[in-house]
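What follows is each chain in one-letter form.
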Amino acid sequence: MSSTGESSAANGPVPLREAPAQPLSKPAPPGAEPSEESLGYRGPTACAAAGITYRQLDYWARTGLVEPSVRAAFGSGTHRLYSFRDVVVLKIVKRLLDTGVSLQNIRTAVQHLRQQDSIALPQLTLMSDGATVYECNSPDEVAELLQGGQGIFGIAVGVVWRDVEQALSQLHAERVDTGETLVRVNPTDELAKRRHRAG
């Protein structure tokens, strides 16, 4: 599938192209049960779940690479608030950077990821030869890229999605509609408390 939404099944994998970014999430209506769409995550939580440093997070936000879609920081005393999908994108950006993909291609990939809905996004596989990032939606498209004979690596977005989901389930969140902090139990923290009590 191309970034314009056209099917690529007949043509094989299509390189990602720049397109306008779309918002990733909308706040849930007041009184609704917390869902991923109605929760936000502060910078340190986003860093922990995505496996990046706060310096990287701050730089990417200031340069517009990955900006928080829930709330930007305005002056002192305010905190950026990232959506679940923002954190997924942060983790993907980290992997792309680690494998040497250019910043320009990463920006294009980020814009493309932002256009996908919550059903399509986990189904995607991003492939890259280090120069270009491709979207693959089937094993045939992956195989077609691999036949080129050059080094190719892939990122299964669904795997990243599940990793982030697991990490965030143990970290504090903030309700977008009320600002209430949801304190979640981290099993490793609980284990550390037990060891401390036993010692």
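Residues numbered from 1 in each chain as written. Predicted model: local features only at pLDDT ≥ 70, side-chain atom pairs only at ≥ 80, totals over all residues. Heavy atoms only, no water.

1. Considerations on the packing of aromatic side chains
Phase 1 of the analysis: As enumerated under the stated definition, the model contains one aromatic pair in all.
Phase 2 of the analysis: Residues Phe84 and Trp161 carry aromatic rings whose centres are separated by 4.9 Å and whose planes lie at 75 degrees to one another, so their mutual orientation is edge-to-face. Of this pair, Phe84 sits in helix H3 (residues 84–98) while Trp161 sits in helix H6 (residues 157–168), and the two are 77 residues apart along the sequence. As far as burial versus exposure is concerned, Phe84 and Trp161 are alike and both buried. (Phe/Tyr/Trp six-rings, centres within 6.5 Å; stacked < 30°, edge-to-face > 60°. Helix = DSSP H or I, 4+ residues; strand = E, 2+ residues; numbered from the N terminus. Buried < 20%, exposed > 50% of the residue type's maximum accessible area, 1.4 Å probe, protein only.)

2. Here we look at the pattern of salt bridges
Phase 1 of the analysis: All chains considered together, the criterion is met by eight salt bridges.
Phase 2 of the analysis: Asp98 is the partner of Lys94 in a salt bridge, and the nearest nitrogen-oxygen pair spans 2.8 Å. Of this pair, Lys94 and Asp98 both sit in helix H3, four residues apart, which is roughly one turn of that helix.
Phase 3 of the analysis: With relative accessibility at 53%, the residue Asp98 sits in the exposed group.
Phase 4 of the analysis: With a shortest N-O distance of 2.8 Å, Arg175 and Asp177 are connected by a salt bridge.
Phase 5 of the analysis: Here the salt bridges share partners, and the residues they tie into one network are Arg42, Arg71 and Glu174. (Salt bridge = Lys/Arg side-chain N within 4 Å of Asp/Glu carboxyl O.)

3. A few points about the sheet that holds strand S8 (residues 181–182)
Phase 1 of the analysis: Spatial strand order, S3-S2-S7-S8: four strands in an open sheet with antiparallel pairing. On the outer flanks of this sheet lie strand S3 (81–82) and S8, each paired with one strand and no other.
Phase 2 of the analysis: Across two bridges, strand S2 (residues 39–42) lies against strand S7 (residues 173–175) in antiparallel orientation. Note that in S7 the partner of Leu39 across the bridge is Arg175.
Phase 3 of the analysis: Relative to S2, helix H1 (residues 43–50) is tilted by about 90 degrees, and along the sheet it contacts S2 and S3. (Pairing = 2+ DSSP bridges. Contact = heavy atoms within 4.5 Å. Axes fitted to C-alpha atoms, helices over the stretch in contact; angles between N-to-C directions.)

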